[in-house]
Amino acid sequence: MRKMSIAVSILLLALAPSLRRALLAAQTPSHMPVAAPYPQPDERFKADILVIVAHPDDETEITGYLARAIFDEHKRVAAIFGTPGNSGGDAVSNAQAAALGDIRITEAREALASFGVLHVWCLGGPDTPGQNVLHSLETWNHGNALWQTVRLVRLTRPEVILTWLPDFVAGENHDDHQAAGVIATEAYDAAGDPTVFPEQVAAPDNRQGVANLAEGLQPWQAKRIYYFSDADNTDFLVGKGPEYNTTDVSPSKHTPYYKLAAEEMVHHLTQDDTGQLAKHALATGDFTYFKQPVRLALGKSAVANTSLTGDILEGITPGAIPYAPPRGYRPERRTGVSVELGGPWAFYRDFWRAHNLDGVSELLKTPEMSVGNGEQVHIPILIRNDSDEAAEVTLTSTLPAGWKELHGTARYPVRPHEAYTVRAAYVSASTAKAEWQTLNWKAESGGRAVGDISLRVRTASPGLPQ
Ligand SMILES: [Zn+2]
């Protein structure tokens with residue numbers, strides 16, 4: 001537009017709007033082309049709920065709720081599996097390892113397709129049995145898994161993310177489950193930040209050309225994240241988030257949600273504890289397992305007026321919201337010598353603070369784990385010396401009856417400002433009953449107590465399902 005004098009501008013303002021528009025249009029060069037509107041995100045992939053789990057069949061933990069959300073509330077659901085489940089058993093054939101992974105991810109696609117969920121991805125991490133989340137983060141290639149997950153959050157633009165609880169619990173406590181919860185939380189906090197994987201949100205040079213190396217997605221801040229747990233007993237989640245009754249009857253399907261959940265689960269036939277369980281329930285009519293409520297814990301919310309136990313989509317209106325940065329890692333100020341559980345427990349203490357998961361940090365009053373009978377157990381214990389002087393720290397264990405120490409009780413030299421991880425090792429008692437026991441450690445330095453640690457252990461836990 002040509003520059004206008006002040007007098008002309010005042011004259012234009014005095015004119016009627018229609019005349020003003022006509023005069024302004026007359027000043028626009030007719031040869032100037034009008035650009036096309038900017039491309040919008042692909043609406044076909046928009047999700048209300050993004051489920052991020054570890055193994056094909058993990059989604060069955062919440063299908064009693066998903067049936068309600070999909071069939072009766074018409075919510076769009078997408079799902080991400082961290083691993084194809086290649087280490088699980090096979091109740092149908094001899095297929096194992098990579099072949100089993102191919103089968104199980106197909107079972108998951110068929111199961112979710114029966115619920116109308118067609119947008120399903122697998123991060124391709126190896127199925128890693130165990131209980132230490134750090135092991136799965138290592139084998140999954142943490143950076144690669146997060147890179148993929150952030151992309152899928154930006155593609156599906158979920159209002160809410162549902163995932164496994166990032167915590168160490170007594171129960172199945174699969175390290176892959178925990179890794180899914182960690183990566184989902186990190187992706188929730190990263191997808192709205194354009195400086196994280198910026199290549200994903202850079203505009204391509206020519207989207208209709210070939211070989212573009214910018215992905216053209218947009219940053220996305222999901223509005224809430226909720227967790228579910230594979231703990232033996234999930235009573236600690238009561239009141240920490242919404243609870244969905246599965247015995248209600250679906251108005252659209254005229255079937256209880258628990259039966260719809262069994263009909264989804266039966267696609268996982270390779271798995272004794274899910275597909276075969278559902279097959280038996282559907283054959284016998286015994287749906288006891290499926291009648292448990294679906295319990296969720298609110299991780300955090302990026303929108304105002306979030307009630308702890310309200311529906312996961314309560315009060316959420318569609319559309320983008322500003323990025324809600326997490327607090328981020330801040331080193332704790334420590335002085336002197338101290339002791340704490342190390343390994344995954346130390347990681348989670350920092351992780352919860354960095355990601356504003358204050359509610360999660362308060363779920364379990366005392367750290368816990370489950371241990372088989374007569375099983376060798378390794379407990380990482382972190383001795384910190386935040387003083388300027390070298391310290392000798394004496395660590396002593398107090399064990400339940402029947403336990404045997406292999407390594408742990410000793411005097412440890414710790415340099416100034418050093419964190420020394422002790423890999424304490426024990427063999428649990430070979431008792432046959434399931435019960436809670438407690439392991440205790442005391443630390444002394446320079447003739448005075450510098451800390452103690454308690455760990456609740458549930459013995460005689462069943463083996464780890466995959
Ligand atoms: Zn699993």
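In the block above lies the structure referred to throughout.
The rules we used
- Residues numbered from 1 in each chain as written.
- Predicted model: local features only at pLDDT ≥ 70, side-chain atom pairs only at ≥ 80, totals over all residues.
- Heavy atoms only, no water.
- Salt bridge = Lys/Arg side-chain N within 4 Å of Asp/Glu carboxyl O.
- Helix = DSSP H or I, 4+ residues; strand = E, 2+ residues; numbered from the N terminus.
- Buried < 20%, exposed > 50% of the residue type's maximum accessible area, 1.4 Å probe, protein only.
- Donors = N, O, S within 2.8 Å, 3.2 Å for Na, K, Ca; no water.
- Pairing = 2+ DSSP bridges.
- Axes fitted to C-alpha atoms, helices over the stretch in contact; angles between N-to-C directions.
- Contact = heavy atoms within 4.5 Å.
- Polar contact = N/O pair within 3.5 Å; in protein donor to acceptor, adjacent residues only side chain to side chain.
- Parallel < 35°, antiparallel > 145°, perpendicular 65-115°, else oblique.
- Left-handed = near helix turned anticlockwise from the far one by under 90°.
- Nonpolar A, V, L, I, M, F, W, Y, C, P; charged D, E, K, R; others polar.

**Quick notes on the pattern of salt bridges**
In the structure shown here, the tally under the stated rule is 25 salt bridges. Linking Arg 104 and Asp 57 is a salt bridge whose minimum nitrogen-to-oxygen distance equals 3.6 Å. With Arg 104 in helix 4 (residues 97–113) and Asp 57 in the loop between strand 1 (49–53) and helix 3 (63–72), this pair connects stretches of sequence that are 47 residues apart. Judged by its relative accessible area of 0%, Arg 104 falls in the buried class. Given a relative accessible area of 6%, Asp 57 falls into the buried group. A salt bridge links Arg 384 to Glu 340; the shortest N-O distance between them is 2.6 Å.

**Points about the coordination of the zinc ion**
The protein atoms donating to the zinc ion are His 55 (ND1), Asp 58 (OD) and His 177 (NE2), with metal-donor distances spanning 2.1 Å. Of note, the donors binding the zinc ion are all from one chain and are spaced H-x2-D-x118-H. You can see His 55 sitting in the loop between strand 1 and helix 3 and its partner His 177 sitting in helix 7 (residues 175–190), a full 122 residues away along the chain. For His 55, a relative accessible area of 0% puts it in the buried group.

**Here's the deal with the sheet that holds strand 4 (residues 160–164)**
In a beta sheet, neighbouring strands are held together by backbone hydrogen bonds and run either parallel or antiparallel to one another. Strand order in the open sheet made by the six strands is 3-2-1-4-5-8, with mixed pairing throughout. Edge positions in the open sheet fall to strand 3 (120–122) and strand 8 (297–301), since each of these has one partner strand only. Going across the sheet, the axis of each strand differs from the next one's by a mean of 20 degrees, ignoring polarity. When strand 4 meets strand 5 (residues 224–228), the two strands line up parallel, connected through five bridges.

**With respect to the environment of Arg 154**
Relative to the elements of secondary structure, Arg 154 occurs in helix 6 (residues 142–156). For the pair Arg 154 and Ala 191, spaced 37 residues apart in sequence, the C-alpha separation works out to 6.1 Å. Discounting chain neighbours no more than four positions away, the residues touching Arg 154 are Ala 190, Ala 191, Asp 193, Pro 194, Val 196, Phe 197, Gln 200, Val 201, Leu 217, Gln 218, Pro 219 and Trp 220. Looking at Arg 154, its side chain comes within polar contact range of the main-chain oxygen of Asp 193, at 2.9 Å. A polar atom in the side chain of Arg 154 sits 2.9 Å from the backbone oxygen of Val 196.

**Some words on the packing of helix 6 against helix 7**
The contact between helix 6 and helix 7 brings their axes to 9 Å, and the two run at 55 degrees. Relative to helix 7, helix 6 is oriented oblique. As helix 6 packs across helix 7, the resulting crossing turns out to be right-handed. Between helix 6, through His 142, Ala 145, Leu 146, Thr 149, Val 150, Val 153 and Arg 154, and helix 7, the contact on the second element is made entirely by Ile 183, Glu 186, Ala 187 and Ala 190. Here the residues of the contact of helix 6 with helix 7 sort into seven nonpolar, two polar and two charged.

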